[in-house]
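Structural description and commentary
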Amino acid sequence: MLKCNEVQKYIKPYVEGNTDIFETIELIEHIEKCEDCYEELEIYYILINGLKKIDNDEDGAFNIKKELNDRIKNSKKKIRLYKSFREYSRLIHSLANISMIALIAYVVVRYIIRML
Ligand SMILES: [Zn+2]
């Protein structure tokens, strides 16, 4: 797990929608366990999106925390998807390795048989 100051540099990009999946994983998994960093994120989120909202509609300020929660939920969904995809591609990769070995063995055996 990254330290708070390492994670906090992802807060601004996250709020602006500029983090890649790896940075998102670091940030989300950290704020799940670290209240300080979650608060940092919340404050920054309110600062950036809240001010816009308060200008536009009266309930904006009340909905802003929910909006951030939805955003985090959505990120978690992406992370789950990414992780299961990664497991899946690992599996495919090891199956591919096994088939490659089988293929080489087959070619070698055929070659030896021809030599006999
Ligand atoms: Zn932290």
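Described in the following lines is the structure provided in the data block. Note that the structure is predicted; figures quoted are calculated from it, not measured.

Reading the values: rules and limits
- Residues numbered from 1 in each chain as written.
- Predicted model: local features only at pLDDT ≥ 70, side-chain atom pairs only at ≥ 80, totals over all residues.
- Heavy atoms only, no water.
- 1 Å grid on protein atoms, 1.4 Å probe; cavity = no way out; pocket = protein on both sides within 12 Å on 5 of 7 lines; lining within 4 Å.
- Points joined across faces, edges and corners; volume = space filled by probe spheres on them.
- Helix = DSSP H or I, 4+ residues; strand = E, 2+ residues; numbered from the N terminus.
- Nonpolar A, V, L, I, M, F, W, Y, C, P; charged D, E, K, R; others polar.
- Donors = N, O, S within 2.8 Å, 3.2 Å for Na, K, Ca; no water.
- Tetrahedral: all angles 85-135°; square planar, octahedral: opposite > 155°, others 65-115°.
- Buried < 20%, exposed > 50% of the residue type's maximum accessible area, 1.4 Å probe, protein only.
- Patch = residues over 30% accessible without salt bridge, like charges linked within 9 Å, V, L, I, M, F, W, Y side chains within 5 Å.
- Areas by Shrake-Rupley, 256 points an atom, 1.4 Å probe, with all protein chains shown as cover.
- Salt bridge = Lys/Arg side-chain N within 4 Å of Asp/Glu carboxyl O.
- Contact = heavy atoms within 4.5 Å.
- Phe/Tyr/Trp six-rings, centres within 6.5 Å; stacked < 30°, edge-to-face > 60°.

Quick notes on the layout of surface pockets
Volume-wise, the largest pocket comes out at about 160 Å³. Around the largest pocket, the lining residues are Tyr14, Gly17, Asn18, Thr19, Ile21, Thr24, Arg71, Asn74, Ser75 and Lys78. Put simply, the parts of the chain that give the lining of the largest pocket at least two residues each are helix H3 (21-33) and helix H5 (60-115). By residue number, the principal contributor to the lining of the largest pocket is H5, which donates four residues. Residues belonging to the lining of the largest pocket are distributed by class as follows: two nonpolar, six polar and two charged.

Observations concerning the coordination of the zinc ion
Surrounding the zinc ion are the protein donor atoms Cys4 (SG), His30 (NE2), Cys34 (SG) and Cys37 (SG), which sit 2.0 to 2.3 Å from the metal. What the four donor atoms of the zinc ion show is an angle range of 97 to 114° at the metal, which sorts the shape as tetrahedral. For the zinc ion, the single-chain donor residues occur in sequence as C-x25-H-x3-C-x2-C. Here His30 and Cys37 have matching classes, each one buried.

Section: a nonpolar patch on the surface
Together, Met100, Leu103, Ile104, Tyr106, Val107, Val108, Val109, Tyr111, Ile112, Ile113, Met115 and Leu116 give the surface a local cluster of nonpolar side chains, amounting to about 1300 Å² of exposed area. With respect to the secondary-structure elements, Val107 resides in helix H5.

Here's the deal with the environment of Asn18
With respect to the helices and strands, Asn18 occurs in the loop between helix H2 (11-15) and H3. Note on Asn18: relative accessible area 54%, which makes it exposed. Excluding its chain neighbours within four sequence positions, the residues that come into contact with Asn18 are Pro13 and Glu23.

Examining the packing of aromatic side chains
Under the defined criterion, the tally for this structure stands at one aromatic pair. Ring geometry for Phe22 and Tyr82: centres 5.8 Å apart, planes at 85°, overall edge-to-face. Of this pair, Phe22 sits in helix H3 while Tyr82 sits in helix H5, placing them 60 residues apart in sequence.

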